[in-house]
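This is what each chain is made of:
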Amino acid sequence: MTSHSKPAVRTDSVRKIFKSGDQTVAAVDGVTLEIHRGEFAAIAGPSGSGKTTLLNLIGALDEPDEGKVWIDDTEITTLSRGQRADLRKDKIGFIFQSYNLIEVLSALENAEFVLLLQGVPPSERRRRVTEMFKKIGLEGLENRRPHQLSGGQQQRVAIARAIVASPSLVLADEPTANLDSATGAALLDVMQELNQEIGTTFVFSTHDPRVMDRASRLIRLVDGKIEDDH
Amino acid sequence: MRFNVFRMSWRNLWRHPRRTFLTALAFAIGVFLLITSLGLGDGMHEKMIDTGIRMGSGHIVIEPEGARDTIGEQLYLSKENTSAAEQVLASAGIRGEVRGSAPRLLASGLLSSAANSTGVQVIGAIPEREANIALLPEKITKGTFLEREGRTPPALIGSGLAEKLDVDIGSKVVLMTQAGSEIQSQLLRVRGIFSTGMEQVDQRLVSVRLEDLQAVVQRPGAISHLAVFLNDSLRTPALRAEIDRELTTLAEGPAPSVLSWRQAMPELDEFIIIDDAGNYLFNGVLLFMVTLGVLNTILMAVLERKREFSLLLCLGMHPWQITTMVIVESMMLTALGAGAGLAMGWGTHAYFAKYGLDLTSLMDQSFSVAGVSVDAMVYSYLYPGRIEWTLSFVAFLGFAASLYPALRAARTDPTEATRG
Ligand SMILES: Nc1ncnc2c1ncn2[C@@H]1O[C@H](COP(=O)(O)OP(=O)(O)OP(=O)(O)O)[C@@H](O)[C@H]1O
Ligand SMILES: [Mg+2]
């Protein structure tokens with residue numbers, strides 16, 4: 001695939017420093033990496049190693065103190081808050097550990113949400129979401145509200161929402177952490193399938209060795225630095 | 001805006017029905033109190049104005065130039081100017097708006113009976129032209145309104161005056177008044193007694209026929225003013241200007257003054273302005289407090305929803321879309337409250353407009369302001385534009401209360417959603 005040669009994300013010596021009281025922590029400390037289209041990459045590391053902070057930087061949610069981040073060819077550190085929101089809307093899908101969904105919207109409306117923001121017409125939205133629901137086993141749950149769904153179902157809706165908007169990459173911060181292992185494994189199956197079928201780029205973080213084993217690439221973080229990348 | 005926030009905002013509103021209900025209720029009560037108090041305030045003012053106008057010199061008074069600046073000396077409208085004024089009132093553009101006009105001659109004098117004597121104000125009037133417009137004929141409790149019987153000129157006197165002079169229907173009284181440099185006296189027969197409830201008026205006012213008073217003061221054809229009554233009091237300023245303009249071209253010599261009731265009764269006008277200002281202040285403070293309460297509620301709700309706004313930002317919602325969403329929610333809340341308040345306020349207004357609010361338990365049978373007495377029954381009345389004004393004001397307050405929370409919501413840190 002030619003797309004492999006073009007990185008979906010690139011970082012150059014990014015650093016993020018948090019100050020709490022008189023202590024400063026370099027949560028991400030000089031990370032340089034490239035993630036290519038179609039990758040299924042895992043970021044692993046102990047608690048506090050900087051996984052979430054790194055994903056936030058890659059996802060244009062946070063600004064680095066030093067270094068640069070590119071998404072496709074856009075350097076995001078120079079963008080305004082509004083421009084970054086636009087970039088997230090068009091290029092990045094997010095899946096969090098929990099509380100991913102908008103309470104007042106149904107499963108279908110949640111999955112449509114990013115398309116709605118993108119200005120996709122209603123019939124097109126509905127078609128794409130219905131198709132995706134079918135693919136990932138959410139058929140029949142369209143009109144349920146988030147609190148009427150199980151944790152695994154909620155995470156699937158979040159995946160559907162991310163994927164239908166055709167992002168350049170999907171960032172998932174410990175997507176299986178709140179799920180039992182069977183449900184977690186099923187969720188990873190879905191992600192992996194989508195990665196292979198549609199070629200969606202996934203970057204996810206995890207503590208779980210069973211999850212790491214699924215990754216096509218494993219980036220190990222320790223104290224905010226890349227210790228190992230293969 | 002491509003993103004339609006209305007449905008989401010509406011649902012957000014019902015996530016906490018009790019909070020929404022209570023916040024809307026605050027606005028509802030504010031609007032309800034505002035409309036009710038405006039209705040009663042306007043109703044009271046309108047009644048005062050109406051009483052003032054009908055007891056006094058009409059919506060518009062045409063009088064000799066400078067009549068108000070001369071003390072002690074009576075100025076009269078010349079015959080030419082009187083007929084010019086009548087002509088203007090009968091002209092095509094004005095006639096339709098005038099309910100009636102009454103020429104009057106004013107004098108002061110001493111009224112005596114066999115028992116007593118007292119200082120009085122005398123009004124010479126034409127009964128036919130006073131009927132249905134002036135208040136005095138309606139307040140007659142005994143006898144007739146200056147109907148001629150026999151040769152002695154008839155007089156209509158106040159009930160207080162009748163008591164003081166110890167006279168009744170049919171009694172003879174003598175009016176002494178100045179005619180030029182001489183004192184003239186005239187025998188009158190009491191043919192009617194009125195009671196307005198205003199002590200000042202009931203003890204001091206005497207009404208006689210215009211031609212009789214003209215004869216006494218030896219000024220045939222003279223009048224002090226022409227009182228003009230309109231069909232619609234709100235048209236006063238416009239018609240005053242028009243009458244003034246036309247009269248200026250028709251008049252001979254110095255044109256008569258044409259004054260609106262506001263100019264003719266400045267104390268009443270001032271009272272209403274001050275009373276209105278007091279009402280505005282009270283309502284302003286009330287609504288300000290309601291708004292602060294609502295602001296507090298919205299702000300708390302927004303701070304509670306940090307995670308949700310953060311998620312929306314992560315998904316690519318624009319900060320200004322979040323601002324819009326919060327403002328839309330608040331405006332929906334305001335609309336709900338204002339709608340309920342409008343319904344309650346309008347209902348109360350309609351009730352008091354029909355049945356009136358009896359304030360007798362709070363005050364005397366009638367009370368008097370700026371020389372005008374108002375009886376204690378107040379009928380609600382709303383000046384045009386009051387409702388629109390109230391609703392726009394409350395909409396503005398709802399907007400103002402939501403602005404800061406909405407901007408705060410837009411500033412939510414998008415990484416909030418990624419933690420724990
Ligand atoms: N907003 C913040 N303020 C202060 N310190 C922070 C903040 N966010 C993260 N940190 C610190 O930065 C370091 C990295 O945190 P981060 O959340 O990125 O780690 P993580 O690898 O995601 O951990 P976990 O596996 O527990 O989720 C930690 O020491 C953490 O305490
Ligand atoms: Mg983390």
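What you are looking at is a predicted structure, and each value in this text was computed from that prediction instead of being measured.

Draft legend 1. View of the overall build of chain A. When helices and strands are tallied, chain A shows 7 helices and 10 strands. Taking the principal axes of its C-alpha atoms as reference, chain A extends roughly 50 × 45 × 35 Å. Looking at chain A as a whole, 56% of its 230 residues are labelled buried. A sequence separation of at least 24 residues applies to 69% of the contacts in chain A between residues at least 6 apart. Summed over all atoms, the accessible surface of chain A reaches about 9,700 Å², with 45% contributed by carbon and sulfur.

Draft legend 2. Structural detail: the confidence of the model for chain A. Per-residue confidence for chain A averages 90 on the pLDDT scale, and 98% of its residues sit at or above 70. By mean pLDDT, the top-scoring element of chain A is helix H1 (residues 51-58) of chain A (95), and the lowest-scoring one is helix H7 (residues 209-212) of chain A (86).

Draft legend 3. Structural view of a nonpolar patch on the surface. A contiguous nonpolar patch, built from B:Phe21, B:Leu22, B:Leu25, B:Ile29 and B:Leu33 and spanning about 430 Å² of accessible area, is present on the exposed surface. Its place among the elements puts B:Leu22 in helix H2 (residues 17-55).

Draft legend 4. Looking closely at the interface of chain B and chain A. With 25 residues of chain B in contact, the opposing surface of chain A contributes 31 residues. The contact between chain B and chain A buries some 2,500 Å² in all, and 59% of this surface belongs to carbon and sulfur atoms. Across the chain B-chain A interface, the total number found is 2 salt bridges. The salt bridge partner of B:Arg11 is A:Glu109, with a shortest N-O separation of 2.6 Å. The set of elements that each furnish at least two residues to the side of chain B that touches chain A consists of helix H1 (6-13), helix H12 (306-314) and helix H13 (319-355) of chain B. Tallying contributions element by element places H12(B) first for the side of chain B that touches chain A, with 5 residues. Looking at side-chain class alone, the side of chain B that touches chain A contains 12 nonpolar, 7 polar and 6 charged residues.

Draft legend 5. The arrangement of the site of ligand 1 in detail. As a structural note, the neighbourhood of ligand 1 is formed by 14 residues, with A:Ser47, A:Gly48, A:Lys51, A:Thr52 and A:Thr53 the closest of them. Around ligand 1, the neighbouring residues derive from chains A and B rather than from a single chain. In the environment of ligand 1, an oxygen atom lies 2.5 Å from a nitrogen or oxygen atom belonging to the side chain of A:Ser47. With respect to ligand 1, the backbone of A:Gly48 contributes an N or O atom lying 2.8 Å from an oxygen atom. Summarising the interface, the protein chains cover 68% of the accessible area of ligand 1, which totals 620 Å² for the free molecule. In terms of residues, the shell around ligand 1 owes the most to one element, H1(A), which gives 3 residues. Split by residue class, the shell around ligand 1 holds 4 nonpolar, 7 polar and 3 charged.

Draft legend 6. View of the sheet that holds strand E5 (residues 74-75) of chain A. Residue and element names in this part refer to chain A. As summarised here, the arrangement of the 4 strands in space is E2-E1-E4-E5, forming an open sheet in which the pairing is antiparallel. Each edge of the open sheet carries a strand with a single partner, namely strand E2 (23-36) and E5. In this structure, strand E4 (residues 66-71) lies alongside E5, joined through 2 bridges in antiparallel fashion. Across the sheet, residue Ile-71 finds its bridge partner in E5, namely Thr-74.

Draft legend 7. Main features of the nonpolar core. Judged by nonpolar contacts, the single largest core of 110 residues is most densely connected at A:Leu54, A:Ile102, A:Phe113, A:Phe204 and B:Leu312. Apart from the residues lying within four places of it in its own chain, the contact partners of A:Phe204 are A:Phe40, A:Ala41, A:Ala42, A:Ile43, A:Ala172, A:Pro175, A:Leu188, A:Met191, A:Val211 and A:Ala215. With 38 residues, the next largest nonpolar core counts B:Ile60, B:Ile62, B:Ala162 and B:Ile193 among its residues.

Draft legend 8. Expanded view of the pairing of strand E3 (residues 40-44) of chain A. Residue and element names in this part refer to chain A. Burial of E3 is extensive: 5 of the 5 residues sit out of reach of the surface. Summarising the sheet, E3 and strand E8 (residues 202-206) pair through 5 bridges and their orientation is parallel. Within the sheet, the bridge partner assigned to Ala-41 lies in E8 and is Val-203. Of the strand pairs in this sheet, E3 and strand E9 (residues 217-222) are connected by 4 bridges, and their pairing is parallel. Paired with Ala-42 across the two strands is Leu-218, which belongs to E9.

Draft legend 9. Expanded view of the sheet that holds strand E6 (residues 92-95) of chain A. All names here are of chain A. Reading across from one edge, E6-E7-E8-E3-E9-E10 is the order of the 6 strands in this open sheet, with mixed pairing throughout. Across the chains shown, the open sheet's two edge strands, defined by having one partner strand only, are E6 and strand E10 (225-229). The sheet shows a mean angle of 20 degrees between the axes of neighbouring strands, direction not considered. Of the strand pairs in this sheet, E6 and strand E7 (residues 169-173) are connected by 4 bridges, and their pairing is parallel. Across the sheet, the residue bridging to Ile-92 is Leu-169, located in E7.

Draft legend 10. Seen up close, the packing of helix H4 (residues 122-135) of chain A against helix H5 (residues 151-164) of chain A. Residue and element names in this part refer to chain A. Between H4 and H5, the shortest axis-to-axis distance is 10 Å and the interhelical angle comes to 135 degrees. Taken together, the axes of H4 and H5 are oblique relative to one another. The interaxial crossing formed by H4 with H5 has right-handed handedness. Side by side, H4 and H5 meet where Arg-128, Val-129, Met-132 and Phe-133 of the first sit next to Val-157, Ala-160, Ile-163 and Val-164 of the second. By residue class, the composition of the contact of H4 with H5 is 7 nonpolar, no polar and 1 charged.

Calculation rules
- Residues numbered from 1 in each chain as written.
- Chains lettered and ligands numbered in written order.
- Predicted model: local features only at pLDDT ≥ 70, side-chain atom pairs only at ≥ 80, totals over all residues.
- Heavy atoms only, no water.
- Helix = DSSP H or I, 4+ residues; strand = E, 2+ residues; numbered from the N terminus.
- Buried < 20%, exposed > 50% of the residue type's maximum accessible area, 1.4 Å probe, protein only.
- Contact = heavy atoms within 4.5 Å.
- Areas by Shrake-Rupley, 256 points an atom, 1.4 Å probe, with all protein chains shown as cover.
- pLDDT = per-residue confidence, 0-100.
- Patch = residues over 30% accessible without salt bridge, like charges linked within 9 Å, V, L, I, M, F, W, Y side chains within 5 Å.
- Salt bridge = Lys/Arg side-chain N within 4 Å of Asp/Glu carboxyl O.
- Buried area = accessible area lost by both parts, 1.4 Å probe.
- Nonpolar A, V, L, I, M, F, W, Y, C, P; charged D, E, K, R; others polar.
- Near = heavy atom within 4 Å.
- Polar contact = N/O pair within 3.5 Å; in protein donor to acceptor, adjacent residues only side chain to side chain.
- Pairing = 2+ DSSP bridges.
- Core = buried A, V, L, I, M, F, W, Y, C linked by side-chain atoms within 4.5 Å.
- Axes fitted to C-alpha atoms, helices over the stretch in contact; angles between N-to-C directions.
- Parallel < 35°, antiparallel > 145°, perpendicular 65-115°, else oblique.
- Left-handed = near helix turned anticlockwise from the far one by under 90°.

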